[in-house]
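Topology and contacts: notes
The lines below spell out each chain.
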Amino acid sequence: MKEHRRGKERNEKDARQGLLISPIENGTVIDHITAGEALNVLRIIGITGTTQESISVATNVESGKIGYKDIVKIKNRELRKDEVDKIALIAPKASINIIRDYTVWEKKGVEIPSEVVGIVRCPNPGCISNTNEPIQSCFLVQAKGMRCVYCDWLISKDITSNII
Amino acid sequence: MRHIISIRDLDRHEIDEILDQAQNLQALHYNPMALKGKLLGLLFFEPSTRTRMSFASAVARLGGQSISMDSVEASSMVKGETLADTIRVVSGYVDTIVLRHPKEGAARLASEFAQVPVINAGDGAGQHPSQTLLDLFTIRQSMPLRGINVGLLGDLRYGRTAHSLAHALSLYEATLHTISPKGLELPSGLAGELRDAGIEVIEHDDVKEVVQDLDVLYVTRIQRERFPDSASYFKVASSYRVTPELLTGVRDHLVVLHPLPRVDEIDPRVDRLPYARYFEQSANGIPVRMAMLLRVME
């Protein structure tokens, strides 16, 4: 009886969320994104206004797991592991669902990479990476934050505002 | 291929090796033709007297030669050439590049594009490993490096030599005493990092509080341009001045160091005291830089 009631509640919740964001046939669903970070997640994985993908975004959706969350659905594109790991910087609890024929084909978490290249701008105005040199920014991920390999600057908070 | 970019890249064993070799070089135990036929490229995009001349002197003493840019104005940088391209081109002319550049991280970038070893001779407010090595070498001439009390006096916010030295001393379990004007304190991130490395960092308002307990007093220049006017500069600078009176009653083996050039921060009367070692420190740049050149060029 209890099981039946829980199932019904879940269906109702799914139905409510379905109004916010519809299922996709093929592609990637990024779930459990830290609330408010969905657009930054898209920036990090390189999906901007100039790219062709069909995207659905829901923000501040109620979540039993993390209170409120954002969800992103990307039609007809399966994100690779190295692409999704980059978002761990701002959405460490995100989960990635690869969808094929409306079914979850693969589900994975995100892991913070050891090196972050070309995603975050060094906040040090005197750093060589902020000039016209033919290099990408590069940070080593350490326990206390991210360290610029060029000038040793340590970013320990507010990574989002430094995303390129 | 071996580069020397940052003191952070060297562990204690490697630093000891370089200092040991410098000691042998200073005792004239070396082959004066060790670098015969080798050419050193001195790329200095910022003014420098000591560092540039001492690298030129070091390579000449080992039988090698050096070439250098006349000035930044005469280089292709004014035509908009990137540092990366300059480094690629100069890599074809010389066997090792010594680089000084105003941007932090320039030497790291150079090492990515160079076909020959790169030695960092100072990149903006960043790293200057040869200075740190010669600072350590000078201290080691008077006492073992392990577990000493070192006072860092002056501009500890922007002074790159103090940052690098503090980091290197953390490998030798030193205790650091910092004394700096308000606003020019050691960056909190660096202080935290040093404490995480297991060493004690103690802040003091006045050098008199601690000078008698020190083994080394490392003085750095307080730059006038950090202050809104001359009056406020002189007021602060005078309270950080090292005088013979300040040094009354200090430990016999105290070593007073300064990366030079000094302005007003050390009274010239201190030059005659046995504690003053800053001119020897500067001369130590030769054996230390010879050791660095042998490490990457031989």
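Here's what I pulled together on the structure shown here.

Calculation notes
Residues numbered from 1 in each chain as written. Chains lettered and ligands numbered in written order. Predicted model: local features only at pLDDT ≥ 70, side-chain atom pairs only at ≥ 80, totals over all residues. Helix = DSSP H or I, 4+ residues; strand = E, 2+ residues; numbered from the N terminus. Buried ≥ 20, exposed ≤ 12 C-beta atoms within 10 Å, placed from the backbone. Contact = placed C-beta atoms within 7 Å. Expected span 1.5 Å × (residues − 1). Nonpolar A, V, L, I, M, F, W, Y, C, P; charged D, E, K, R; others polar. Core = buried A, V, L, I, M, F, W, Y, C linked by C-beta atoms within 7 Å. Axes fitted to C-alpha atoms, helices over the stretch in contact; angles between N-to-C directions. Parallel < 35°, antiparallel > 145°, perpendicular 65-115°, else oblique. Left-handed = near helix turned anticlockwise from the far one by under 90°.

1. Quick look at the overall build of chain A
- Counting its secondary structure elements, chain A contains three helices and nine strands.
- For chain A, the α and β elements follow one another from N to C terminus as α-β-α-β-β-α-β-β-β-β-β-β.
- Taken over 164 residues, chain A has a buried fraction of 30%.
- The long-range fraction of contacts in chain A, counting pairs at least 24 apart against all pairs at least 6 apart in sequence, stands at 62%.

2. Side note on helix H5 (residues 129–142) of chain B
All names here are of chain B.
- The terminal C-alpha atoms of H5, which comprises 14 residues, lie 21 Å apart, in line with the 20 Å expected from a rise of 1.5 Å per residue.
- Burial of H5 is extensive: 11 of the 14 residues sit out of reach of the surface.
- Turning to H5, its buried residues number three or more, namely Pro129, Ser130, Gln131, Thr132, Leu133, Leu134, Asp135, Leu136, Phe137, Thr138 and Ile139.

3. Details of the interface of chain B and chain A
- The interface is formed by 13 residues belonging to chain B together with 16 residues belonging to chain A.
- Of all elements in the fold, only helix H3 (83–91) and helix H4 (106–113) of chain B reach the threshold of two or more residues within the side of chain B that touches chain A.
- Broken down by element, the residue count for the side of chain B that touches chain A peaks at three residues, all from H4(B).
- Each residue belonging to the side of chain B that touches chain A can be placed in one class, and the counts come to five nonpolar, five polar and three charged.

4. Quick look at the nonpolar core
- One finds A:Val41, B:Ile97, B:Ala110, B:Tyr218 and B:Val256 to be the most contacted residues of the largest nonpolar core, which totals 113 residues.
- The element best represented in this core is helix H10 (residues 285–297) of chain B, accounting for six residues.
- Here B:Ile97 is in contact with B:Gly41, B:Leu43, B:Ile87, B:Val90, B:Ala110, B:Ala114, B:Val116 and B:Val118, once residues within four sequence places are set aside.

5. Re the packing of H5(B) against H10(B)
All names here are of chain B.
- Two elements in contact, H5 and H10, have axes whose closest approach is 9 Å; the angle formed by their N-to-C orientations is 125°. With respect to H10, the element H5 is oriented oblique. Two packed elements cross with a definite hand, and for H5 against H10 that hand is right-handed. Facing H5, whose interface residues are Ser130, Leu133, Leu134 and Phe137, H10 presents Gly285, Val288, Arg289 and Met292.

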